[in-house]
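Survey of secondary and tertiary structure
Residue strings, one per chain:
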Amino acid sequence: MRPGNWNPPIELSAPEQSIVKRIKRAKLFTFLRQYRHQLFNEEFQKELSKLYADSTKGHPPVPPAQLALASILQAYTGASDAEAIEALSMDRRWQLVLDCIDCENAPFSQATLVRFRTALIIQGLDRRLIERTVELAEQTKGFGSKQLRAALDSSPLWGASKVEDTYNLLGHALKKAIGVIARQQGRGLAEIANDIGVDIVASSSLKAALDLNWDDPDQKNLALGVVLDALERFETFVQAQPESIEHPQVRSALEAARLIEAQDVEVDAHGEVKLLNGVAKERRISIEDEEMRHGRKSKSQRFDGYKRHILRDLDNGLVRAVGVTRANIPEASVTDAIATDLKYQKVNLVELHIDRAYLSSSLVQNRTQELTVYCKAWQVKNGKRFTKTAFTLDWDNQTICCPNQVTLPFSVGGKVQFPKNICATCPFRERCTTSKTGRSVSIHPDEPLFRELQQRQLTPAGRAKLRERVAVEHSLSHIGRWQGDQARYVGSRKNLFDLRRTAVVHNLHVLAKIFTNTTEQSAT
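It is worth spelling out the pattern of salt bridges at this point. According to the stated counting rule, one finds 42 salt bridges in the structure shown. Its salt-bridge partner being Asp-341, residue Arg-500 comes within 3.4 Å of it at the nearest N-O pair. Residue Arg-500 is found in helix H23 (residues 492-523), and its partner Asp-341 is found in helix H16 (residues 335-344); the two are separated by 159 residues along the sequence. Accessibility expressed as a relative area gives 8% for Arg-500, which makes it buried.

Structural data, given as structure tokens:
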């Protein structure tokens, strides 16, 4: 059965006015109470009701607007599902927003909140929460342009699951699989492990059970052999039990163990099993969260988990779109998802302010003529000799002219080799090249964009434009304050949901300022 629309009172009652007066710092509670009927208008509530099956059976579901408001407040306060339900029966600020003042019991259960979040993610309607804040802003007089000027940036998001070394990853996967079989058979984990002959896996600490000198390379190789032997024993055991091998969690744990073995273990020329030197490109680092990866924000800053990306509207401060990627994936990969979200908003991106990590993105590579990219150019170096920028490129005629006015044709993506006899007699030779074959210049496939960026930052106006990107760093900081530096959920999709609702919290603060300014302007 689909829920009906939620129509709470618009005017504040006397008890609500008393609560509002006592709210001094957490002003988002007050704002949501005042504007919840606009944020979740009748049309949007009908859209959310499609999360539920159209059936005449059963009890009417909880209005999704109430559940969505609770999810937003979770992002604002950092409350867990259990804490949110507790707050609804004990915190009058939560009761103010969800229209349940002085209720002894929460208007819905924790399970209902979890099911709503799952349905919202499956249907992709969490994206609509951000869009509603944009639509609400469009109702003001100072907003409504479909020409978007935006800045895009990212920050690290540490994974929620434990990162382990190879030994513990293998042991964790085995322990998880044995635990499933123990529950199937109604027996203890230690008992099943003993039957298989892998008692070390049942211990609270795998390395403590092995009791070896971990500073000795030979002892470490011995430990690796013992753990791999335990894996072989378990596979032999489980093959004899069809009901166990077919269990999805057992199969998943075994596949994870074999993947870890393939990525981290090698056999040397002497047939000795040992850890692989270096780190595999797509190395799995956690059993509970298979998407977490090693990543780097810089040469000195390493993190494990994900990257969060936000696109900020430079004209009004709203976050228009967000994305979550694995930590080891280049930043540029997120722009396809960002572009898809912008299509739903029916907006034209005319300015994009980015750092160099996004230059290879589809938004830049496939840009139209109406899109201008602002980015700090790569620094061109060539010691004390002429850099590439000293050579003039004529794009209309596809020619390059050197400082000595020698002109040659070029092709984008190719290399121009100036004749050695001309370079040998050139008066600028000492300032240009020492090569016996003459000076060569490579023309990058994105050379037109690079030249454009280089020329732009030579002027005060161009440098001022580049500084506009700082605004997105402020938004990232605000979102990081609410979301934290560690992911709340396992998996990129759930963390995308969390980032989206946190972006909604950010946008609601921006809306509060927009509405206040609009009210003040109307009063004058």
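Their axes nearest at 10 Å, the elements helix H4 (residues 64-77) and helix H7 (residues 110-123) cross at an angle of 90°. Put simply, H4 runs roughly perpendicular to H7. Note on element contacts: H7 touches H4 through Thr-112, Leu-113, Phe-116 and Arg-117, opposite Pro-64, Leu-67, Ala-68, Ala-70, Ser-71 and Gln-74.

A few words now on H4. Here H4 is 14 residues long and its end C-alpha atoms lie 20 Å apart, about the 20 Å a rise of 1.5 Å per residue gives. Among the 14 residues in H4, 13 count as buried, and that is most of the element. Immediately beyond the C-terminal end of H4, within one or two residues, lies Gly-78, with a positive phi of roughly 75°.

A separate point is the packing of helix H9 (residues 166-185) against helix H13 (residues 217-239). Helix packing for two helices is described by the angle between their axes and how far apart those axes are. Between H9 and H13, the least distance of the axes is 10 Å, while the angle of their chain directions is 25°. Comparing the axis directions of H9 and H13 gives the class roughly parallel. As H9 runs across H13, the sense of the crossing is left-handed. Residues Thr-166, Tyr-167, Leu-170, Gly-171, Leu-174, Ala-177, Ile-178 and Ile-181 of H9 form the contact with H13, whose own contacting residues are Lys-220, Ala-223, Leu-224, Val-227, Leu-228, Ala-230, Leu-231, Phe-234, Phe-237 and Val-238. Here the contact of H9 with H13 is composed, by residue class, of 15 nonpolar, two polar and one charged.

Another point: the packing of aromatic side chains. In the structure shown here, the tally under the stated rule is 10 aromatic pairs. Arranged with centres 5.7 Å apart and planes meeting at 65°, the rings of Phe-29 and Tyr-76 form a pair that is edge-to-face. Here the residue Phe-29 occupies a position in helix H2 (residues 28-39), and Tyr-76 occupies one in helix H4, the gap between them amounting to 47 residues. For the pair shown, Phe-29 and Tyr-76 are each scored as buried. For the pair Phe-391 and Phe-418, a centre-to-centre distance of 5.7 Å together with 45° between the ring planes defines the contact as tilted. Residue Phe-391 is found in the loop between strand S8 (372-374) and strand S9 (392-394), and its partner Phe-418 is found in the loop between strand S12 (415-417) and helix H18 (420-424); the two are separated by 27 residues along the sequence. For the pair Phe-391 and Phe-418, one class covers both residues: buried. Members of the aromatic cluster, each reached through a chain of ring pairs, are Phe-31, Tyr-35 and Phe-515. The ring of Trp-378 carries Arg-356 above its face, with NZ or CZ at 4.4 Å from the centroid.

Okay, the side chain of Ser-492 next. Inspection of the secondary structure assignment puts Ser-492 in helix H23. A polar side-chain atom of Ser-492 sits 2.7 Å from a polar atom in the side chain of Glu-291.

Pairing is antiparallel across the open sheet formed by three strands, whose spatial order is S9-S10-S11. The open sheet is flanked by S9 and strand S11 (407-409), the only strands paired with a single partner. Direction aside, neighbouring strands of the sheet carry axes that sit 25° apart on average.

Here Asp-99, not a glycine, exhibits a phi torsion of approximately 60°, which is positive. Its place among the elements puts Asp-99 in the loop between helix H6 (92-98) and H7. We classify Asp-99 as partly exposed; its relative accessible area is 32%. Phi is positive for Gln-398, close to 55°, though the residue is something other than glycine. Its location among the elements puts Gln-398 in the loop between S9 and strand S10 (399-401). Under the relative-accessibility criterion, Gln-398 is labelled partly exposed at 28%.

The first and last C-alpha atoms of H13 sit 33 Å apart over 23 residues, in line with the 33 Å expected at 1.5 Å per residue. Of the residues that open H13, the one with a side-chain oxygen 3.0 Å from the backbone nitrogen of Asp-218 is Asp-216.

Attention now goes to the pairing of strand S7 (residues 348-353). Summarising burial for S7: five of the six residues are buried, a large majority. Here strand S1 (residues 147-158) runs beside S7; their pairing, made up of five bridges, is parallel. For Arg-149, the partnering residue across the bridge sits in S7 and is Glu-351. With three bridges connecting them, S7 and S8 associate as parallel partners. Bridge pairing in S8 places Leu-352 opposite Val-373.

All right, on to the nonpolar core then. The biggest cluster of nonpolar side chains holds 76 residues, and the ones touching the most others in it are Leu-32, Phe-40, Leu-98, Phe-108 and Leu-508. Here this core takes 11 residues from H23, the largest share from any one element. Apart from the residues within four sequence positions on either side, Leu-98 is in contact with Trp-6, Arg-36, Gln-66, Leu-69, Ala-70, Leu-73, Leu-88 and Phe-108. Ranked by size, the runner-up nonpolar core spans 36 residues in total, among them Ala-193, Ala-223, Phe-234 and Ala-257.

Cut-offs applied
- Residues numbered from 1 in each chain as written.
- Predicted model: local features only at pLDDT ≥ 70, side-chain atom pairs only at ≥ 80, totals over all residues.
- Heavy atoms only, no water.
- Salt bridge = Lys/Arg side-chain N within 4 Å of Asp/Glu carboxyl O.
- Helix = DSSP H or I, 4+ residues; strand = E, 2+ residues; numbered from the N terminus.
- Buried < 20%, exposed > 50% of the residue type's maximum accessible area, 1.4 Å probe, protein only.
- Axes fitted to C-alpha atoms, helices over the stretch in contact; angles between N-to-C directions.
- Parallel < 35°, antiparallel > 145°, perpendicular 65-115°, else oblique.
- Contact = heavy atoms within 4.5 Å.
- Expected span 1.5 Å × (residues − 1).
- Left-handed = near helix turned anticlockwise from the far one by under 90°.
- Nonpolar A, V, L, I, M, F, W, Y, C, P; charged D, E, K, R; others polar.
- Phe/Tyr/Trp six-rings, centres within 6.5 Å; stacked < 30°, edge-to-face > 60°.
- Lys NZ or Arg CZ within 6 Å of the ring centre and 35° of its normal.
- Polar contact = N/O pair within 3.5 Å; in protein donor to acceptor, adjacent residues only side chain to side chain.
- Pairing = 2+ DSSP bridges.
- Core = buried A, V, L, I, M, F, W, Y, C linked by side-chain atoms within 4.5 Å.

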